[in-house]
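Descriptive structure summary
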Amino acid sequence: MSNFSAANPNPNKSSEVAQPPTDSVSSLKFSPKANFLVATSWDNQVRCWEITRDGTTMGSVPKASISHDHPVLCSAWKDDGTTVFSGGCDKQVKMWPLLSGGQPVTVAMHDAPIKEVAWVPEMNLLVTGSWDKTIKYWDTRQSNPVHTQQLPDRCYALTVRHPLMVVGTADRNLVVFNLQNPQSHFPENALHLVKPKERSIMQEHSFVHPITRCLNALSFPFTKNSLRSFFNYNAEFKRITSPLKYQTRCVAAFPDQQGFLVGSIEGRVGVHHLDDAQQSKNFTFKCHREGNEIYSVNSLNFHPVHHTFATAGSDGAFNFWDKDSKQRLKAMSRCSQPIPCSAFNNDGSIFVYSVCYDWSKGAENHNPSTAKATIFLHLPQESEVKGKPRVGTNRK
Amino acid sequence: MSIWDEVGEPNIERDNMLLELEQECLEAYKRKVRDAEKRRAQLQQAIADSEAELADICSAMGEGPVNIRENAVGGLKEELKTIVSTLEEMQKLKCERKKQFIEVLDQLMNIAKELCKPMEDNLYKISMDETDLSLKRLQELHTILHELQDEKTNRMKQVLDHLITLNSLCKVLGLDFKHTVTEIHPSMDDSIGLKNLSSDTIDKLTATILSLREIKTQRMHTLQDLAAHMLELWSLMDTPIKEQQMFQNITRNIVAAEHEITEPNTLSVDLINYVEAEVSRLEHLKSSKMKELILNKRTELEEICSRIHVVAEAYIPIDHSIEAVESGAIEPTYLLEEVELQIAKAKEEGFSRKEILDKVVKWLAACDEECWLEEYNRDDNRYNAGRGAHLYLKRAEKARALVSKIPAMTEALTLKAKAWEEERGIEFSYDGVRLLSMLDNYNVLRQEKEQERRRQREQKRLQGQRIAEQEAVFGSKPSPSKSGKKLSRISTIGAANRRFSYGGMVLQAPNPEKAALHSGPTKKDGCIKQNNSLNHQKNSGSTGLSSGRKNLDVAQKPLKKHLTSRAANACEIESSMVRKPLSPISSAAAASAKTTTTLAGLDRTPKRTLQRTIPPNKTPTASPSKLASIEDQENNTPKNMPIPMPTTPSTASLPMQTAFTPCIPFLANQAEKQEKVAEYSFEERRAVFMLPEAYSR
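Predicted, not measured: the structure shown is a model, and the values here were computed from it. (Residues numbered from 1 in each chain as written. Chains lettered and ligands numbered in written order. Predicted model: local features only at pLDDT ≥ 70, side-chain atom pairs only at ≥ 80, totals over all residues. Heavy atoms only, no water.)

So, the overall build of chain A
Rules: Helical segments are the DSSP runs of H or I of at least four residues, strand segments are the runs of E of at least two, and each set is numbered from the N terminus. Think of it in three bands: with a 1.4 Å probe and only protein chains considered, a residue is buried below 20% of the maximum accessible area for its type, exposed above 50%, and partly exposed in between. Contacts: residue pairs with any heavy atoms within 4.5 Å of one another. Surface accessibility in these figures is a Shrake-Rupley result with a 1.4 Å probe; residues are shielded only by whichever protein chains are displayed.
For chain A, the count of helices and strands is 5 helices and 30 strands. Relative to its 396 residues, chain A shows a buried fraction of 62%. Sequence separation of 24 or more characterises 49% of the internal contacts of chain A that already satisfy a separation of 6 or more. Carbon and sulfur atoms form 46% of the exposed surface of chain A, whose accessible area is close to 15100 Å².

Shown next, in the form of structure tokens:
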């Protein structure tokens, strides 16, 4: 079943979203507040639909759209569900206050296309990851980034669950960040900022370090400089090489922030814990394979309620898994084209996935005339996404 | 006549009498007529009087004269009666009219008094004029009254308006309204009572309102200036929204016009003081932040300087310090610019120095190696087959090759530095010392060493001659001294290891083992007890190597020896496990392999079978059989772990095809990386395909 042509584009009988993009979908994101769906696409557009549900029948109403100058690669919702950020090959991120009907404004710039964007509500910051080998943190009211973090290579994947942030780059690097509020242990670290001579002067004259003084006097969480210093001294937590032997395609932080999933182009997912004591719980598993055919894992999404997760791959299938019992909960039938992206809605009752060419087989396998992008809505059964107690523990 | 007859009055008498009578009669008649005439005249007079009075009244009342004479039929008396009744009527009328006038005039007077109008000039208008009580006049008075009443209501309204305005102004400015108002006129205080409506009061009110409005405008400008400044500072310092919200009611009015500011207390002195305090606090904060920024920049500059090995003081003007900023001698922004300029300069300098610096680093490293080599050469035991000796040999070999290149390096560096100095016209200094002088010093030192070496060789040759002579005399040869060499070598290695962060792990591996060997016996005892309690009893005192060597029980010796080393090995692994729980299995295995090989080199005792029971395991107390099984498992990772099928095949769920992931340390894939060509993600490939111009690499 290596070629898709004869296969059914919708074997799982999912509901189709009306007026889909005219080219491949690059990201799908549900609003954290309501059933508003945003899709970015290679046709330079960012579209928004309202998804309605009546029993098992789904409806979709196109609401609004904006366009970029070049293909759009990523999107993110603000936590209050009012605003959408989208970035891509035009090397900028646009902030689209779509609930208020406002016009999009550019809030972030990079030197190369922007592959990932995420909103960190706990810090009120936007994080962008680019192929220019940096991630940048943005206060959307300012034109300059609050901080630029150099990466070992081009950013391919990014996941944030405060205080954990994991960035996957080319060459299988995984950079783990701790975005924890640095206040509790900050003043000691801040002393490093001062050269020894001044430090001794400060101590002699019981001089309080300016940063400490700021923090004491104000008790507001981040000043521009404290943020900068925080990033200098605390941000990068750990740098590891992917437990998978092939290119990193996607990452997803555990809902409990204890670790993350990493998916590779070689049909394999790694389950990685951060705590040294839990290294024995790390494992990898194979998925999205058909005999000798191996497909990329394109998307990893944790279920917001049950904390199981979904994988979607270039084989056109999506599966539901439980990492704790190490079980596949449900394997869905393969669609006629790859699934490049997928997402759960805020309560996990809807799973959205797009079926379109993901370029996994290069330009030669791309036929613009037959390629059609579709977005499907799947209503997961409880049995598909609710973890089961572990079975067969006698051997482990 | 008869009487007269009787009396016989003479006729004359009689005639006289009759005349007298006649006269008397006439007289009485005349008198009566006169009386009647008099009465008539009196009546006429009364009528005339009454008529005159009537006419007066009529004219006063502005009515036409009443014509009564025409219907005067019943004589004068009748006429009089009519006139009198008419007159009475008219008088009554007049009285009433008068009352009306008094009423109106009273009202007029009251209002005039209320309005404090100077009435003197038009007093005639409103004073009582008995002669003019006409309706017209009354009308006139009424008109005046109305006018005045209108004026009064107008003024009332005006005053109330003013009071309302004043009240709102006072509220906005945070002033006491009552106090302000009573100052103008005490009657303004009570909101219900009668107000003083004099134009004077109104003028005063107007004046007060004007002055307050001026104050308001003034304060508004002050506040708006402050708010603008505050906003500027906020945006400069990224003040959080929460803090900003506290001042939102102020910043909201930043562009408001005077009449738009109506909320109470928005312009009170307290508020302005409060805002002023906040602004000065922010200002203070800004200056401290500026200082902080300068400090950061300064640190950055120093870092750059240290990186390019330039003395930082060369870039920092001494008077441009934080103290100078604090004392106000220098504007912080100026200092910041200055420091940034210096950073740029230092960076530029760094670029120009880079080439030479790279060479200097190499040269210094070579010099270090030379020093190490000299030290090593001085160690007479260097060829003893000890732990890691082959590594030192290898290093020495490399060092010799490097040292042979030093003269050429020095030469090249000197040329480069000279060229640089010529080009720029300044000395090339390295950490404050001129590089050329460093190189010169080195050359001098090298020559001295050369001479020293030649001298030593000469001495050695002489010594050898002397020994040969002694041998010839005594027939014996003194052995070369051994003391103290070993320790010094170890320390050198330790120092060397500190320099190499990555290679250090492998090289350092023997050290903990050594430490374990020399550590107290109890730990080893514990380990030995697990394996051989009998042995433990025999070695209950000290199990150190030296004591073991002294042990006369020859049969026991090899076993004990290898047990000790095995125990040490286990301890080493254990300690490494404890110290670095994250350290990868592969490196631990490498370390253990390393240890065992060096141990094998030391002991030269065959112990393959026993070594198998020393896995990198956290539980040294476990039984050997268990250990062996775990070791087998370890050796086979990574592999697919078979996971049993779920007991409920009715569901679609399946176990994952899992494998345990060995944690690969970073940099472990370096070799692999070199084999591969640069990889690209699907999106990158598509982006290059679609937009080669936008995404060029």
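Some details on the packing of helix H7 (residues 199–237) of chain B against helix H10 (residues 269–307) of chain B
Residue and element names in this part refer to chain B. Applicable threshold: Here the axes come from fitting lines to C-alpha atoms, over the contacting stretch only for helices, and the angles between their N-to-C directions go from 0 to 180 degrees. Note on terminology: angles under 35 degrees are roughly parallel, angles over 145 are roughly antiparallel, angles of 65 to 115 are roughly perpendicular, and the others are oblique. Definitions for this section: a left-handed crossing has its near helix turned counterclockwise from the far helix by less than a right angle. A right-handed crossing has that turn clockwise. Gly falls in the polar group here, along with every residue not listed as nonpolar (Ala, Val, Leu, Ile, Met, Phe, Trp, Tyr, Cys, Pro) or charged (Asp, Glu, Lys, Arg).
Across the interface, H7 lies against H10 with an axial gap of 10 Å and an inter-helix angle of 30 degrees. The pairing of H7 with H10 is recorded here as roughly parallel in orientation. Note on packing geometry: the crossing formed by H7 with H10 is left-handed. Counting all contacts with H7, which are made through Arg-219, Leu-223, Leu-226, His-229, Met-230, Leu-233, Trp-234, Leu-236 and Met-237, the residues of H10 involved are Val-269, Leu-271, Ile-272, Val-275, Glu-276, Glu-278, Val-279, Leu-282, Glu-283, Leu-285, Lys-286 and Lys-289. Considering only residue class, the contact of H7 with H10 consists of 14 nonpolar, 1 polar and 6 charged.

As for the side chain of A:Thr83
Residue and element names in this part refer to chain A. Counted only if it meets this: Under this definition, polar contacts are N or O atom pairs within 3.5 Å; protein pairs additionally need one hydrogen-donor-capable and one acceptor-capable atom, and for neighbouring residues in sequence, both atoms have to be side-chain atoms.
Mapped onto the secondary structure, Thr-83 falls in the loop between strand E6 (72–77) and strand E7 (84–88). At a separation of 2.9 Å, a polar atom in the side chain of Thr-83 contacts the side chain of Thr-82. In this view, Thr-83 contacts Ala-76, Trp-77, Lys-78, Met-95, Trp-96, Pro-97 and Leu-98; residues no more than four positions away in its chain are not counted.

As for the pairing of strand E4 (residues 45–54) of chain A
Residue and element names in this part refer to chain A. Counted only if it meets this: DSSP-based pairing: two strands are paired if at least 2 bridges between them are found.
Two strands pair when backbone bridges link them, and strand E3 (residues 36–41) and E4 are joined in this way by 5 bridges, in the antiparallel orientation. From the neighbouring strand, Ala-39 faces E4, where its bridge partner is Arg-47. In textbook terms, the turn of a hairpin is the stretch between consecutive antiparallel strands, and for E3 and E4 this stretch comprises 3 residues, one of which, Asn-44, has a positive phi near 75 degrees. Sheet analysis places E4 next to strand E5 (residues 57–67), joined by 10 bridges and oriented antiparallel. Bridge pairing links Asp-54 to Thr-57 in E5.

Considering the pattern of salt bridges
Defined as follows: Definition used for salt bridges: Asp or Glu carboxyl oxygen within 4 Å of a side-chain nitrogen of Lys or Arg.
The final tally for this structure, using the stated rule, is 30 salt bridges over all chains. B:Asp5 is the partner of B:Arg14 in a salt bridge, and the nearest nitrogen-oxygen pair spans 2.5 Å. Each member of the salt-bridge network shares a partner with another, and the members are A:Asp153, A:Arg154 and B:Glu684.

Here's the deal with a positive patch on the surface
Operational definition: Patch rule: a residue counts if its relative accessible area is over 30% and it has no salt bridge; like charges are joined within 9 Å, and nonpolar side chains (Val, Leu, Ile, Met, Phe, Trp, Tyr) within 5 Å. Positive charges come from Lys and Arg, negative ones from Asp and Glu, while His and the chain ends are left out of the count. Lysine's charge is taken at NZ, arginine's at CZ, aspartate's at CG and glutamate's at CD.
Together, B:Lys30, B:Arg31, B:Lys32 and B:Arg34 make up a region of like positive charge exposed at the surface. Counting through the fold element by element, B:Arg31 comes out in helix H2 (residues 11–61).

Focus on the nonpolar core
All names here are of chain B. Inclusion rule: We call a set of buried residues a nonpolar core when its members are Ala, Val, Leu, Ile, Met, Phe, Trp, Tyr or Cys and they connect through side-chain atoms within 4.5 Å of each other.
If you look at the biggest cluster of nonpolar residues, it comprises 46 residues, and the most contacted ones within it are Leu-108 and Val-275. Going through the elements one at a time, helix H3 (75–115), helix H5 (135–173), helix H6 (177–184), H7 and H10 are the ones with two or more residues in this core. With residues near it in sequence (within four places) discarded, Val-275 still touches Leu-223, Leu-226, Met-230 and Ile-250. Core analysis: the second largest hydrophobic core is formed by 26 residues, Val-310, Ala-366, Trp-372 and Tyr-430 among them.

Some details on the sheet that holds strand E28 (residues 342–344) of chain A
All names here are of chain A. Read from one edge to the other, the open sheet built from 4 strands follows the order E1-E30-E29-E28, with strand pairing classed as antiparallel. Single-partner strands in this sheet number two, and they are strand E1 (15–16) and E28. Pairing geometry for E1 and strand E30 (residues 374–378), over 2 bridges, is antiparallel. Looking at the pairing, Ser-15 lines up with Leu-377 of E30.

Things to note about the packing of H10(B) against helix H12 (residues 332–378) of chain B
Residue and element names in this part refer to chain B. Running from N to C, H10 and H12 cross one another at 15 degrees; their axes reach a closest spacing of 9 Å. Taken together, H10 and H12 sit at an angle that is classed as roughly parallel. When the axes of H10 and H12 are compared, the crossing they make is left-handed. Every residue of H12 that contacts H10 at Met-290, Leu-293, Ile-294, Lys-297, Arg-298, Glu-300, Leu-301, Ile-304 and Arg-307 is listed here: Pro-332, Thr-333, Leu-335, Leu-336, Val-339, Glu-340, Gln-342, Ile-343, Ala-346, Lys-347 and Leu-357. Split by residue class, the contact of H10 with H12 holds 12 nonpolar, 2 polar and 6 charged.

Some words on unusual backbone geometry
Residues and elements named next belong to chain A. In this structure, Pro-163 follows His-162 across a cis peptide bond, with omega equal to 5 degrees. Mapped onto the secondary structure, Pro-163 falls in the loop between strand E14 (155–161) and strand E15 (164–169). Notably, Lys-326 is not glycine yet its phi reads approximately 55 degrees, a positive angle. Structurally, Lys-326 can be placed in the loop between strand E26 (318–322) and strand E27 (327–331).

Here we look at the packing of aromatic side chains
What counts is decided by this rule: Aromatic rings from Phe, Tyr and Trp, with only the six-membered ring used for Trp, were paired whenever their centres fell within 6.5 Å, and each pair was classed as stacked if the ring planes differed by under 30 degrees, edge-to-face if by over 60, and tilted otherwise. Whether a charge sits over a ring depends on NZ of Lys or CZ of Arg being within 6 Å of the ring centre and within 35 degrees of the ring normal.
Under the defined criterion, the tally for this structure stands at 19 aromatic pairs over all chains. Ring geometry for A:Phe283 versus A:Phe285: centroids 6.3 Å apart, planes at 35 degrees, classification tilted. Just as A:Phe283 is buried, A:Phe285 falls in that class too. Over the aromatic face of B:Trp372 sits the side chain of B:Arg395, whose NZ or CZ is 3.9 Å from the ring centroid.

Here's the deal with the environment of A:Pro9
Residues and elements named next belong to chain A. Within the fold, Pro-9 resides in the segment before E1. Considered as a pair, Pro-9 and Lys-372 are 363 residues apart in the sequence and their alpha carbons are 10.0 Å apart. Apart from the residues within four sequence positions on either side, Pro-9 is in contact with Cys-335, Ser-336 and Phe-376.

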